[in-house]
Amino acid sequence: MKIEIKKTKEDGIIQITTLDERWYEKDGKFNPSITWIGHYSPMGIGLLRYYAEHGMDEAELLKKEAGEKGSKVHHAIEALLASQSVTLDTGFKNPETGDYEELTPEEYFCVMTFADFWATYTKEHKVQLVDTERVAWVDPMPGETYGYTGTRDIKVIEDGKPKILDIKTSKDIYLSHELQLSALKHAEPELPDIAIIQVGYKRNKAGRKLTPIEDKFPLFQAAMKFWADANPEAKPKQKDYPPEIKLVIPKAETKPEE
């Protein structure tokens, strides 16, 4: 999510506000993302072990690659839920490069396991798809500067009850995942159930796993306090630009003809 909001000032200067994955904008107001806030929660033993095994640099590189993979898988699953077909040749946007790329065999397997999950899920339950990739905006509480905002993957009505399903391609579920889902739960007036679907899961034969998530909203609120303390003057990046860039090029002197 990289967006530029342009505003022309009275003196002709153009102000550009750049939003990245950390910020959302609505009616000129800005909220930090729940993913960014969730990074201020404790790592937990699983994530600490991950960094210990790989080292900081390798772990960050692996996380970046996992993010690209997860994004393409999300787009493919969104296409399936919009009644579109997905093939190995179908191109999906890589968030890092902006290019459209075919799914890798591993990514395609993730999409296959989601399709298998959905077929079984809709047989075992009465399921109504409400929406996919919907932004949930929460206004700040009285006295606070920011609320929070996030994008939920899937919302359904399962056997008459609302439920949010979050798609993960990771083999583990971390505390930050639980806090993000808890925040999305409390962004909805009906407080839906929350669960994570791990696709391309390598720890069972089905290749997928559905895990109900406990509501940990108080811990998300604590993470938000740590976020606010670490970012006391947080705001999206803004910079002023002139409406035109022009150079004055000196001309070479010419000698008069004799």
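Residues numbered from 1 in each chain as written. Predicted model: local features only at pLDDT ≥ 70, side-chain atom pairs only at ≥ 80, totals over all residues. Heavy atoms only, no water.

Trainee: Can you break down the nonpolar core residue by residue, with the values?
Mentor: Grouped together as the largest cluster of nonpolar side chains are 24 residues, with contacts concentrated most on Ile37, Tyr148, Leu181 and Phe220. Breaking this core down by element, the ones donating at least two residues are helix 1 (34–38), strand 7 (127–138), helix 5 (175–185), strand 10 (193–199) and helix 6 (217–230). Here the element with the most residues in this core is helix 6; it accounts for 5 residues. If you look at the next biggest cluster of nonpolar residues, it comprises 21 residues, including Val73, Ala76, Phe92 and Ala195. (Core = buried A, V, L, I, M, F, W, Y, C linked by side-chain atoms within 4.5 Å. Buried < 20%, exposed > 50% of the residue type's maximum accessible area, 1.4 Å probe, protein only. Helix = DSSP H or I, 4+ residues; strand = E, 2+ residues; numbered from the N terminus.)

Trainee: Summarise the pairing of strand 4 (residues 29–32); cite the residues concerned and give the values.
Mentor: In this sheet, strand 4 lies alongside strand 3 (residues 23–26) in antiparallel orientation, the contact comprising 4 bridges. Following the sheet pairing, Lys26 is matched in strand 4 by Lys29. Joining the antiparallel neighbours strand 3 and strand 4 is a turn of 2 residues, in which Asp27 adopts a positive phi near 55 degrees. (Pairing = 2+ DSSP bridges.)

Trainee: Residues and numbers for the sheet that holds strand 8 (residues 148–158), please.
Mentor: Strand order in the open sheet formed by 5 strands is 7-8-9-10-11, and the pairing between neighbours is mixed. Edge strands, defined here as strands with exactly one partner in the open sheet, are strand 7 and strand 11 (208–212). Along the sheet, successive strands turn relative to each other by an average axial angle of 30 degrees, direction set aside. Here 5 bridges tie strand 8 to strand 9 (residues 161–168), and the two strands are oriented antiparallel to one another. Its bridge partner lying in strand 9, Glu158 is registered against Lys161. Contacts from helix 5 reach strand 7, strand 8, strand 9 and strand 10 within the one sheet, and its direction differs from that of strand 10 by about 140 degrees. (Axes fitted to C-alpha atoms, helices over the stretch in contact; angles between N-to-C directions. Contact = heavy atoms within 4.5 Å.)

Trainee: Which residues make up unusual backbone geometry, and what values go with them?
Mentor: Of note in this structure, Glu133 is not a glycine but carries a positive phi near 50 degrees. Tracing the chain through its elements places Glu133 in strand 7. Positioned with a positive phi, Asp159 is a non-glycine residue whose angle comes to about 50 degrees. By the element assignment, Asp159 lies in the loop between strand 8 and strand 9.

Trainee: Tell me about the pattern of salt bridges, and please be specific about residues and values.
Mentor: Scanning all chains against the criterion turns up 13 salt bridges. The shortest N-O distance in the salt bridge between Lys168 and Asp166 comes to 3.1 Å. Note on Lys168: relative accessible area 15%, which makes it buried. Take Asp166: its relative accessible area is 9%, and that puts it in the buried class. For Arg203, the salt bridge identified is with Asp172, shortest N-O distance 3.0 Å. Taken together, the residues Arg203 in the loop between strand 10 and strand 11 and Asp172 in the loop between strand 9 and helix 5 connect sequence positions 31 residues apart. Given a relative accessible area of 48%, Arg203 falls into the partly exposed group. Under the relative-accessibility criterion, Asp172 is labelled partly exposed at 23%. Salt bridges here are not isolated pairs; linked through shared partners, they connect Asp131, Arg152, Lys155, Glu188 and Glu190. (Salt bridge = Lys/Arg side-chain N within 4 Å of Asp/Glu carboxyl O.)

Trainee: Kindly report on the environment of Ala228, identifying the contributing residues and their values.
Mentor: Inspection of the secondary structure assignment puts Ala228 in helix 6. Using a relative accessible area of 34% as the deciding quantity, one classes Ala228 as partly exposed.

Trainee: Tell me about helix 6, and please be specific about residues and values.
Mentor: With 14 residues, helix 6 should reach 20 Å at 1.5 Å per residue; the first-to-last C-alpha distance of 20 Å fits that figure. When helix 6 is considered as a whole, its buried residues turn out to be Phe217, Phe220, Ala223, Met224 and Trp227. Within helix 6, the buried residues cover an arc of 105 degrees as seen down the axis, which keeps them to one side. In this structure, helix 6 carries Pro218, Lys225, Phe226 and Asp229 as exposed residues pointing more than 90 degrees from its buried face. If you follow the buried residues of helix 6, they end up packed against strand 4, helix 1, strand 8 and helix 5. (Expected span 1.5 Å × (residues − 1). Arc of directions from axis to C-beta.)

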